[in-house]
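Structural characterization, general
Listed here are the chains, written in short residue letters.
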Amino acid sequence: MTSDTFVPFALPDLSEGEIEAVVEVLRSGWITTGPKVKEFERRFGGAVGAGHCVAVNSCTAALHLALEAVGVRAGDEVVLPTLTFAASAEVVRYLGAVPVLVDVRPSDHNVDPAAVERALTPRTRAIMPVHFAGVPADMDDINALARPRGIAVVADCAHAFPCQYRGRNVGTLADVSCFSFYATKTMTTGEGGAAVTENPEWTARMQVMALHGISRDAWKRYTAEGSWRYEILAPGYKYNLTDIAAAMGLVQLARAGEMLARRASVAAKYDDAFGRLDAFELLGCPPDRTHARHLYVLRLVPAALRIGRDAFMDELKRHRIGASVHFIPLHQHPYYRDTFGYRPESLPVARELFERSVSLPLFSAMGDEQVDRVIEVVRALARTHGR
Ligand SMILES: Cc1ncc(COP(=O)(O)O)c(C=O)c1O
């Protein structure tokens, strides 16, 4: 590979299988929600160990439906980490509730259960852990805080398929668990998401609200067995997944183990290459859980480097390596800062981790030459800019 070849941050890993499955749906005459979505729900629910699965068109939609189903209403509080994507908190605002942002812990950037506990009030209706980068959060501690207080736990599992915590599958760790099948995620349907739960009432509510609040299985109204008559039970949303997307998802799901193995081997190569350099700190994964390997986050060590994170990112770009930062803490964004009065130092751990985090390319379709090129560039930067 020549040095001017761009290494993208992430690419979807699509084989002929996904392409054929989509073409088959296109030829079938039924392209929106239908039998493929139903089959995908059965299989994805099974794959994450959950009894019920509602497939929707994004993880954002799944989180919104989940919070609504567990009873989050205007004025309620939902506790979540600040080191997450926009989606986690915006869905709280959709419902007129208040996102209470808390700090994370340095070892793996997951939410700090002690910070969650300090944030609980009589108005707390839900806690939303986010399994950062693909490492499950401390779910036993979080559930132990929530259960006795009647607080719901809705997990943001956008990074976390597939993984396990203390031998339990990722779809069984919270009251409702929400997954993303966005193009850069560990499996994709282009755009897509799913909410899984053991609770049949929440499942029914999420199914109804995902399709305009109209009576269950409304998608069947254009089939031979469907009926034209429907009832609007609530002002719902338009969050249904298409059969085109579900067909892609079924093939991705079947390839999930193979794709994880590839990401894990890339991450192991990175660990090997960067672990002994003073310039970097690697993120840990506690031994009682497994890692879905969605993101590879490297922390720069200011004492060992003469350049900061922003300059490091510029250098990666100059060397044609796609990189990203996960995340700019929510409390530092204008909306949350100004609406809820946060200052950068309000949540100091996340702020400090953000300042020195870099996410390197990690995706299962990555070629060996691309991995080697990232390693070569990152090691060279550590040498050139080391103290
Ligand atoms: C932590 C987290 N939550 C939620 C989402 C939203 O996922 P989607 O794009 O499927 O709505 C993302 C997407 O990047 C994410 O990183």
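Here the structure is a predicted model, which means the values were calculated and not measured.

Right, let's talk about the site of the ligand for a bit. Within the structure, the ligand sits among 16 residues, and Thr60, Asp156, His159, Ser180 and Lys185 are positioned closest to it. A distance of 2.9 Å separates an oxygen atom of the ligand from a polar backbone atom of Cys59. Between an oxygen atom of the ligand and a side-chain N or O atom of Ser180, the distance comes to 2.7 Å. Considering the ligand on its own, with 390 Å² of exposed area, one finds that the protein chains cover 91% of that surface. For the shell around the ligand, the secondary structure elements donating two or more residues are α3 (59-69) and α4 (86-94).

Quick look at the domain arrangement of the protein now. By domain assignment, the protein separates into domain 1 (16-254) and domain 2 (256-384). Using C-alpha coordinates to define each centre, domain 1 is positioned 26 Å away from domain 2. With 44 residues of domain 1 in contact, the opposing surface of domain 2 contributes 34 residues. Roughly 3,200 Å² is buried in total at the junction of domain 1 and domain 2, and carbon and sulfur atoms are behind 62% of that figure. Seen at the junction of domain 1 and domain 2, the total is two salt bridges. We note a salt bridge from Asp288 to Arg166, for which the minimum N-O separation is 2.8 Å. Linking domain 1 with domain 2 are 21 residue pairs in polar contact (both at pLDDT 80 or more). Those elements that place two or more of their residues in the side of domain 1 that touches domain 2 are β2 (77-81), α4, β3 (98-102), β6 (164-165) and α8 (243-254). Here the element with the most residues in the side of domain 1 that touches domain 2 is β3; it accounts for five residues. A class-by-class count of the residues in the side of domain 1 that touches domain 2 yields 26 nonpolar, 10 polar and eight charged.

Here we come to the pairing of strand β5 (residues 152-156). Within β5, five of the five residues are buried, which leaves the element mostly enclosed by the surrounding structure. Bridging between strand β4 (residues 124-127) and β5 involves two bridges; their strand directions are parallel. Of the residues in β5, the one forming a bridge with Ala126 is Ala152. Crossover handedness for the path β4 to helix α6 (residues 139-146) to β5: right-handed.

Once that is clear, we can look at the packing of aromatic side chains. Ring pairs (aromatic) are described by centroid distance and by the angle formed between their planes. The final tally for this structure, using the stated rule, is 15 aromatic pairs. Measuring from centroid to centroid gives 4.8 Å for Tyr335 and Tyr336, while their planes differ by 85°, and the two rings are edge-to-face. Judged by its relative accessible area of 39%, Tyr335 is partly exposed. Judged by relative accessible area, which is 7%, Tyr336 ranks as buried. Between the aromatic rings of Tyr336 and Phe340, the centroid separation amounts to 6.2 Å while the plane-to-plane angle is 15°, which identifies the pairing as stacked. With Tyr336 and Phe340 both in helix α11 (residues 334-340), this residue pair falls four residues apart, about one helical turn. Ring pairing ties together the aromatic residues Phe40, Phe44, Phe161, Phe179 and Phe181, which thus form one cluster. A cation over an aromatic ring shows up here: Arg309 above the ring of Phe354, its NZ or CZ 4.5 Å from the ring centre.

Conventions we followed
Residues numbered from 1 in each chain as written. Predicted model: local features only at pLDDT ≥ 70, side-chain atom pairs only at ≥ 80, totals over all residues. Heavy atoms only, no water. Near = heavy atom within 4 Å. Polar contact = N/O pair within 3.5 Å; in protein donor to acceptor, adjacent residues only side chain to side chain. Areas by Shrake-Rupley, 256 points an atom, 1.4 Å probe, with all protein chains shown as cover. Helix = DSSP H or I, 4+ residues; strand = E, 2+ residues; numbered from the N terminus. Domains from an automatic or database assignment. Contact = heavy atoms within 4.5 Å. Buried area = accessible area lost by both parts, 1.4 Å probe. Salt bridge = Lys/Arg side-chain N within 4 Å of Asp/Glu carboxyl O. Nonpolar A, V, L, I, M, F, W, Y, C, P; charged D, E, K, R; others polar. Buried < 20%, exposed > 50% of the residue type's maximum accessible area, 1.4 Å probe, protein only. Pairing = 2+ DSSP bridges. Right-handed = clockwise from strand over helix to strand, strands pointing away. Phe/Tyr/Trp six-rings, centres within 6.5 Å; stacked < 30°, edge-to-face > 60°. Lys NZ or Arg CZ within 6 Å of the ring centre and 35° of its normal.

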